[in-house]
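# A closer look at the structure
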Amino acid sequence: MADASPRKLLMGRIGAAHGIKGEVRITSFTEEPLGLKDYGPLATNKPGLVIEIESARATTNVLVARLKGITDRTAAEKLNGVELYVDRDRLPPTSGDDDFYHADLIGLEARLVDGSVLGTVTAIPNFGASDLLEVRDGRSGDTFLYPFTRQVVPEVHVAEGYLVIEVPLDSDPGEEEPD
């Protein structure tokens, strides 16, 4: 039987302790970083551990948060690296065809403009420059990365289960440019 549990989405990651009173730094992956505290109790990647944010404030690049039940630096330090998750169905609904969550793209079929299938979207990594689509070819098992831009991915059809990729045609890196 297939897993019927709702999909969990990574919403943030706890970092180092902040100060001596149990506050922690949290990297938030939400559009509005302070919005993370509004999701209520958050599941974690540690079995049985649920985190609730009592209060939070935004700094330049992270949230500084007080967590329910964490009152000293030692307890806060033990949470370093803990990932925070929310069930997909707790997120607000999207507002249209061009509005979706990255998690909605996982599992979509990736097709070329002519309809031929490239593979399945398996991840949407971001290594610092911009989002990428990771597509796995079901026949060979190879994975390919494509820039997740409107030019490369002109169509996304979540309800229909596919997206369209226009493969960028770059010059071969081994080719020399003419003088």
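Rules of the game
Sequence order sets the numbering: in each chain, residues are counted from 1 along the sequence as written. Local features in this predicted model are restricted to residues whose pLDDT is 70 or higher, and side-chain atom pairs enter the listing and the counts only when it is 80 or higher, whereas totals over whole chains, interfaces and linings include all residues. In computing side-chain values, all of the structure's heavy atoms are included and hydrogens and water are not. In this scheme, strands are said to pair when DSSP sees at least two bridges between them. Here a strand is any run of E in DSSP of at least two residues, a helix any run of H or I of at least four, and the numbering for each starts at the N terminus. Planes of paired rings set the category: under 30 degrees apart is stacked, over 60 is edge-to-face and the rest tilted, where pairs are Phe, Tyr or Trp rings (Trp by its six-membered ring) whose centres lie within 6.5 Å. Throughout this description, the term charge over a ring refers to an Arg CZ or Lys NZ atom that lies within 6 Å of the ring centre and within 35 degrees of the ring normal. Only protein chains enter the area calculation, which uses a 1.4 Å probe; residues under 20% of their type maximum are buried, those over 50% are exposed, and those in between are partly exposed. Contacts are residue-level and defined by heavy atoms, with any inter-residue pair within 4.5 Å sufficient. By definition, a salt bridge exists where a carboxyl oxygen of Asp or Glu is found within 4 Å of a side-chain nitrogen of Lys or Arg.

This brings us to the sheet that holds strand 1 (residues 8-18). Reading across from one edge, 4-3-7-1-2-6-5 is the order of the seven strands in this open sheet, with antiparallel pairing throughout. Of all strands in the sheet, those bounded by a partner on one side alone are strand 4 (50-51) and strand 5 (53-58). In the sheet, strand 2 (residues 23-28) pairs with strand 6 (residues 63-67) via three bridges, with the strands oriented antiparallel. Within the sheet, the bridge partner assigned to Ile26 lies in strand 6 and is Leu63.

Counted according to the given criterion, the structure contains one aromatic pair. With a centroid separation of 6.3 Å and 45° between ring planes, the pair formed by Phe100 and Phe148 is classed as tilted. With Phe100 in the loop between strand 7 (83-87) and helix 2 (102-105) and Phe148 in the loop between strand 11 (143-147) and strand 12 (155-157), this residue pair connects regions lying 48 residues apart in the sequence. Over the face of the ring belonging to Tyr162 we find Arg111, whose NZ or CZ atom lies 3.8 Å from the ring centre.

It is worth spelling out the environment of Ala65 at this point. Counting through the fold element by element, Ala65 comes out in strand 6. In this structure Ala65 comes out as buried when scored by relative accessible area, which is 0%. Measuring from C-alpha to C-alpha, the distance between Ala65 and Arg25 comes to 6.4 Å, with 40 residues separating the pair along the chain. If near-sequence neighbours (up to four positions away) are discounted, Ala65 is found in contact with Gly22, Glu23, Val24, Ile26, Ile53, Ser55 and Ala56.

Turning our eyes to something else, we now look at the pattern of salt bridges. All told, the structure shown has nine salt bridges when counted by the stated rule. The shortest N-O distance in the salt bridge between Arg57 and Glu23 comes to 3.0 Å. Of this pair, Arg57 sits in strand 5 while Glu23 is found in strand 2, placing the two residues 34 residues apart along the sequence. Judged by relative accessible area, Arg57 falls into the partly exposed class, the value being 39%. Residue classification places Glu23 among the buried residues on the basis of a relative accessible area of 13%.

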